[in-house]
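Coordinate analysis (summary)
Each chain, letter by letter, is given below.
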Amino acid sequence: MPDFLLEIGTEEIPARMIAAAQEDLQRRLSDLLKRERLPAAGTLVSFDTPRRLSVIAREVPASQPDLTEQITGPAASVAFKNGQPTPAAHAFAKKAGVDVSQLERVTTPKGEYLSAKITSKGRRAAEILAESLPREIASVYWPKNMYWRKPSERFVRPVRWVVAMLDDQVVPLEFDGVRAGKESRGHRILSGGKVAIPRAGGAYVEALRSEKVLGRREREQQIRRDLDAATRAIPGARWREDKSLLETVVNLTEWPSVVLGSFDREYLQLPEEVLVTVMRDHQKYFALEDAKGKLLPNFLTVLNTDGDPQGLIRHGNERVLRARFNDARFFWQTDQKHPLRERVAWLKSVTFQKDLGSYYDKTMRVQRLCSWTCELIRDAGLPVRPGVVHKAACLAKTDLTTELVKEFTELQGIVGGLYARVQDLDHGMPDETRQAIAQTIYDQYKPQSAEDSVPHKVEGAVLSIADKADTIAGMFALGLQPTGSKDPFALRRQANGIVRTIAEHKLPIGLARLFELARETYRGGEAEKKFARGVDFEDSLRAFFRERLEFYLKEQLGYKYDVVNAVLAAGADDVVDAVARAKAVNEVRISTQSQGLPGFLAVCRDFKRIKNILEKAPEGGSIEPSSFRPELLRDNYELELHKRMQFNAKKSTELIEAKDYVGALGWVYGLNDTITQFFDHVLVMDEDPEIRKNRLALLMKLLKEFSVIADFSEIVTEGKS
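Residues numbered from 1 in each chain as written. Predicted model: local features only at pLDDT ≥ 70, side-chain atom pairs only at ≥ 80, totals over all residues. Heavy atoms only, no water.

Re the overall build of the protein chain
- Looking only at helices and strands, the protein chain has 26 helices and 22 strands in total.
- Computed over the C-alpha atoms, the radius of gyration of the protein chain is 34 Å, more than 25% above the 27 Å expected from 2.2 N^0.38 for a compact globule of 721 residues.
- Each principal axis of the C-alpha distribution contributes one length, and for the protein chain these read about 100 × 80 × 55 Å.
- A burial count over the protein chain gives 51% of its 721 residues as buried.
- Partitioning the contacts of the protein chain with sequence separation of at least 6, the portion at a separation of at least 24 is 70%.
- Here the protein chain has roughly 34,800 Å² of accessible surface; of this, 49% comes from carbon and sulfur atoms.
- Distance between charge centroids for the protein chain: 3 Å, based on 107 positive and 103 negative side chains. (Helix = DSSP H or I, 4+ residues; strand = E, 2+ residues; numbered from the N terminus. Rg over C-alpha atoms; globule rule 2.2 N^0.38 Å. Buried < 20%, exposed > 50% of the residue type's maximum accessible area, 1.4 Å probe, protein only. Contact = heavy atoms within 4.5 Å. Areas by Shrake-Rupley, 256 points an atom, 1.4 Å probe, with all protein chains shown as cover. Lys, Arg positive; Asp, Glu negative; His and termini not counted. Charge placed at Lys NZ, Arg CZ, Asp CG, Glu CD.)

Here we look at the packing of aromatic side chains
- One pass over the full model with this rule turns up 19 aromatic pairs.
- A centroid spacing of 5.5 Å and a plane angle of 80 degrees characterise the contact between Phe607 and Phe712, whose relative ring orientation is edge-to-face. Of this pair, Phe607 sits in helix α22 (residues 599-616) while Phe712 sits in the segment after α26 (689-705), and the two are 105 residues apart along the sequence. Phe712 shares its class with Phe607; the two are buried.
- Through successive ring pairs, a cluster of aromatic residues spans Phe476, Phe515, Phe544 and Phe545.
- The aromatic ring of Phe80 is capped on one face by Arg105, whose charged end is 4.8 Å from the ring centroid.
- Taking the ring centre of Phe551 as reference, the NZ or CZ of Arg548 above it sits at 5.5 Å. (Phe/Tyr/Trp six-rings, centres within 6.5 Å; stacked < 30°, edge-to-face > 60°. Lys NZ or Arg CZ within 6 Å of the ring centre and 35° of its normal.)

Concerning the environment of Phe4
- Among the secondary structure elements, Phe4 is positioned in strand β1 (residues 4-10).
- Since its relative accessible area comes to 0%, Phe4 is described here as buried.
- Residues Phe4 and Leu166, spaced 162 residues apart in sequence, show a C-alpha to C-alpha distance of 4.5 Å.
- Not counting the four nearest positions on each side in its chain, Phe4 is found in contact with Leu29, Val55, Ile56, Ala57, Val60, Leu129, Leu133, Ala164, Met165, Leu166, Val171 and Ala200.

Quick word on the sheet that holds strand β7 (residues 104-108)
- Across the sheet, three strands lie side by side as β4-β8-β7; this open sheet has antiparallel pairing. Because the sheet does not close on itself, it has two edges, and the strands there are β4 (67-75) and β7. Shown here is a sheet whose adjacent strand axes are inclined to one another by a mean of 40 degrees, direction ignored.
- Inspection of the sheet shows β7 paired to strand β8 (residues 111-120) by five bridges, in the antiparallel sense. Bridging from a neighbouring strand, Thr107 pairs with Glu112 of β8. (Pairing = 2+ DSSP bridges. Axes fitted to C-alpha atoms, helices over the stretch in contact; angles between N-to-C directions.)

Observations concerning unusual backbone geometry
- The residue after Lys446, namely Pro447, is reached through a cis peptide bond having omega -10 degrees.
- Of note, Pro447 is situated in the loop between α15 (431-442) and α16 (458-477).
- Phi angles above zero are rare outside glycine, and Lys506 is one such case at about 50 degrees.
- Mapped onto the secondary structure, Lys506 falls in the loop between α17 (491-505) and α18 (511-520).
- A relative accessible area of 58% places Lys506 in the exposed class.

What to know about the domain arrangement of the protein chain
- Domain assignment breaks the protein chain into domain 1 (4-63 + 124-209), domain 2 (70-120), domain 3 (216-336), domain 4 (397-558) and domain 5 (580-714).
- Computed from C-alpha coordinates alone, the two centres of domain 2 and domain 3 are separated by 77 Å. (Domains from an automatic or database assignment.)

Digging into the pattern of salt bridges
- Counting across every chain of the model gives 61 salt bridges.
- Put simply, Arg27 and Asp24 hold a salt bridge, and the shortest N to O gap is 2.6 Å. Remark: Asp24 and Arg27 occur in helix α1 (residues 15-35); sequence separation between them is three residues, near one turn of the helix.
- Accessibility expressed as a relative area gives 10% for Asp24, which makes it buried.
- Across the pair Asp426 and Lys391 runs a salt bridge whose closest N-O atoms are separated by 3.1 Å. Of the two residues, Asp426 is situated in the loop between α14 (414-422) and α15 and Lys391 in helix α12 (residues 386-395); the sequence distance between them amounts to 35 residues.
- Judged by relative accessible area, which is 33%, Asp426 ranks as partly exposed.
- The class of Lys391 is buried, set by a relative accessible area of 17%.
- Connected through shared salt-bridge partners, Asp24, Arg27, Arg28, Asp31, Arg35 and Glu136 make up one network. (Salt bridge = Lys/Arg side-chain N within 4 Å of Asp/Glu carboxyl O.)

In structure tokens, the structure reads:
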């Protein structure tokens, strides 16, 4: 069976878009082959560079297998009259491609019908691929597309060539006016241009390698080797591992090499954050450090060529970096002429959001929210310094007015923290207090991603939470919630940050209360006049944060979906408590299963059964736990269940109040035998309506009292979860 190769050759694709697009193209081709009964042997192989997306499918069938189907036609009574075929029979025979005499009769639950076997001859793979692949290529998702030549021709960058081959034969597909062939392109500078591909599969990779084009994995390995080799020129040095930057330079090159450069030591007087940001974000350079982690006056740059023997590229990069550092130093010195405390009033002219006012307005709101949040924390007995938080909140956004942030926007927040460390924030302020304020400002945007850390101190956590909560509350009140994949204000990321920060600092902040206070800070202001009418603020935020907490528990803590659903069904407002309950349910589930103890999963099955009974009972919707009357109990098994419920509920409640959820769960699943005995010997749906309602109320009471930690009916008790 032949191998299949598809290569889409383009102008250089933005580095950040390549990985997702390559994955999408590979998935689409895999789905197409399976859908068309042309399954490849094993996983498809991807090959991508800045100028191409390629997929190799091994051992694709040359054609589809013939397909035989049994189709059913009209009823026999309609198809034949007096033993003679009617027009309906002739029409069905024509549709099936057989003679009327070849039609069969089959008996179905609806009666006797005509049937016929039809065989569809399999189509050639080349024909199917040529017909279907252009649609799949056009459907690859890109954050942004370009139009060229004709309005209908749209892709991330202009397509310059297409290679589509089954072994050594061209698949005659065409994409936006470009016909597929056997010729690819080598490295833009180091190769002779066109590359003849002799055959799909390994020969393709070898042909490109001979023309100075490497696959993703080879490029990464080559870059790592060259980084290590160049770093060895400086004794005791090491290059700073940077996963994101490494991925970027891999996607910027086809034949990489590394050059070591240097800069004047005098620039090391600037803060490390400024130097690294200039090197990393603006120039795509790797920083070097000594054994103690201190920055060295050197950098590593990755080239898309085979080296720099004359040092011209190194010299050019050093000159560019020197100019950038000079700019940064000038901005740093210029900004010191106006300390942060003078810049607070300047925020009145910096717009936060057109309907939510200026950053000065936001600062005032965040200060109030920080004060209320500090009260919640102190009332819970946790230490926090409200004065530090208040001052940090006042100065947090002032660096938006600095020249350094205007030039290097990635440094907002960080610059404010750096300036606060070296400036006189208030006359007579102790240095320790100033440093605490500076760290709080520095951490205000944390965490900015799943890999980023949360704020280091509780004061930074309070400011980070309040800042994000103010933004989310304002946007939701305006009716600007995220929809589908669209989230232009990054509200999901900010909400994820709130959830993580509360969880990791174990802060006693309920989400409902937090956003009630955040909404209160807008009351009476100009922004409130522009809030959307009819927006269900509380319900929409509750659903939004339940999703974010679900994401945190599943994706970041790794709990299974049924555990998460069970826990959140019992409450999703207290993040710290939800995390503790999920941990306990997961721990008990694993420990009881590993020990072969059936109690936990058995009681989960019991809760499912109880829920089903209550839902199906005619009185189910009107039954309340408070309507239960102990005096109506008459069967020994229901008396025993009530007795055990009272005892276990008391023990469980004591442990829940002490936050010992694992211990409390033991008293929950300890009810299993008693519940089993109850269902084995007691008829819940008794003929006596009063007895029936009382037994339903007993079950409702059981469900409510023992679902505080989780809704155990959500736990999967059979198969995989």
